[in-house]
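Commentary on secondary and tertiary structure
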Amino acid sequence: MRRPTAGVLGTGLIGSSIGLGLTAAGWDLIGWDPDLASLQAAHERGAVASIAVSENDVVSEDLDLLILAGPPQAVPGTLRKLSTDVLVTDVAGVKTPVIAAGAHLRHFVPGHPMAGREVSGPAAATPVLFHGATWILTTDGADSDDMERVEEIVRQLGANPVRMSADEHDRAIAVVSHLPQLLASTLIAQAAAELGDLSLVGGSFRDLTRVAASDPGLWSDLLAANRQLAIETIERFGHRLQRWADLLKAEAHVEVTAALAESGRLQERLHPAVAAIEISLLDRPGELAAVGRALEHSRVDVRDLQLRHAPHGGGGLLQVFVRKDDIPALCRALHAEALTVARIRGDER
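An account of the accompanying structure is given in this report. It should be emphasised that the depicted structure is a prediction, and the values quoted were computed from it without experimental measurement. (Residues numbered from 1 in each chain as written. Predicted model: local features only at pLDDT ≥ 70, side-chain atom pairs only at ≥ 80, totals over all residues. Heavy atoms only, no water.)

Moving on, we come to the pairing of strand S7 (residues 134-138). Burial runs high along S7: four of the five residues are buried. Relative to S7, strand S6 (residues 111-113) runs antiparallel, the two being bridged by three bridges. Across the sheet, residue Pro-113 finds its bridge partner in S7, namely Trp-135. Strand direction decides the pairing type here: S7 and strand S8 (residues 160-164), joined by five bridges, are parallel. When the bridges of S8 are listed, Leu-137 appears paired with Arg-163. Viewed along the sheet, the connection from S7 through helix H6 (residues 144-156) into S8 turns out right-handed. (Buried < 20%, exposed > 50% of the residue type's maximum accessible area, 1.4 Å probe, protein only. Helix = DSSP H or I, 4+ residues; strand = E, 2+ residues; numbered from the N terminus. Pairing = 2+ DSSP bridges. Right-handed = clockwise from strand over helix to strand, strands pointing away.)

Let us now look at empty space enclosed by the protein. Inspection of the entire model under this criterion finds one cavity of 30 Å³ or more. The volume enclosed by the largest cavity comes to roughly 70 Å³. Contributions of two or more residues to the lining of the largest cavity are made by strand S4 (65-68) and H6. Considering each element in turn, the lining of the largest cavity owes the most residues, three residues, to H6. (1 Å grid on protein atoms, 1.4 Å probe; cavity = no way out; pocket = protein on both sides within 12 Å on 5 of 7 lines; lining within 4 Å. Points joined across faces, edges and corners; volume = space filled by probe spheres on them.)

Counting 30 residues, the largest nonpolar core has Ile-18, Leu-22, Ile-67, Phe-130 and Trp-135 as its most contacted members. Sorting elements by how many residues they give to this core places helix H1 (residues 13-24) first, with five residues. In contact with Leu-22, not counting residues within four places along its chain, are Ala-6, Trp-27, Leu-29, Ile-67, Ile-153 and Leu-157. (Core = buried A, V, L, I, M, F, W, Y, C linked by side-chain atoms within 4.5 Å. Contact = heavy atoms within 4.5 Å.)

Another aspect to go through is unusual backbone geometry. Look at Glu-251: it is not a glycine, yet its phi comes out positive at around 50°. Inspection of the secondary structure assignment puts Glu-251 in the loop between helix H10 (227-249) and helix H11 (253-268). Residue class for Glu-251 comes out exposed when judged on its relative accessible area of 70%. Even without being a glycine, Ala-338 presents a positive backbone phi close to 60°. Classification of Ala-338 by relative accessible area gives exposed; the value is 60%.

Written out as structure tokens, the structure is:
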């Protein structure tokens, strides 16, 4: 039986992670990247089975899918010169210019996986990068059969496809992606300017500013492509931030408490129902390796890990937070590794 084949233009973090994920799902991948070191690294990692000599050599009517995973400013240019009847998708973070550039293609479903890391390149790629993530597919001009085909491929990568128009996507992304990036950059710049010594910051500050370490060139291009909506979002946020200052000036303790409580309730909605499996670890070599094997074999969606030393000394207690539906599979895998499940807790974190 013939294996499906995909071409990927761009073998950075996202392109290589797609390649690893599709390879694991039984696809053959052919790749190209103008950065030969990146292309070779993707090949060595198994993200692409074969290397194309040029961008044009990837595009073939024998492909089942062509993925444009280059930088956001490069994708529209690639689309404009592209001529193919192959099903095409992309991963650019701003969709309106992409829709316009690919309007001439017969089979085009623009997409944007809502997943990534603060590090880049094929060395950081992983086949599970998209597990549990939302993958937006824009509906503008897309054929319904093509949309369903891409949705199925997205599910093979472990992601959850969501349909949106390009305008809806770009407005949403300005709030949930572009604004957090700018906030992280602003927070760390503010702390550095006022404190100088960043050794004072704690875990919550590091979590809030993690994405400030992302590729500045990539983010500059994304913000430029979504410039007007980013500006409008920043200005609306400025009004909300000023509201906090106004409440504090007025010593409105009740209103501040109520606003903080409401924010907490909203934040809880971001998390799916999870449970914590507590695993008793003995003070001996190989315990954590056994947990790793159990996680690999059960293929569960891990939401968090917490490790603390046992109060009696030696060993410890590892809490693994997973979706409730994943509990039976993980318990079976843990028992197969002769590990002790001390307790299963409900849906608290």
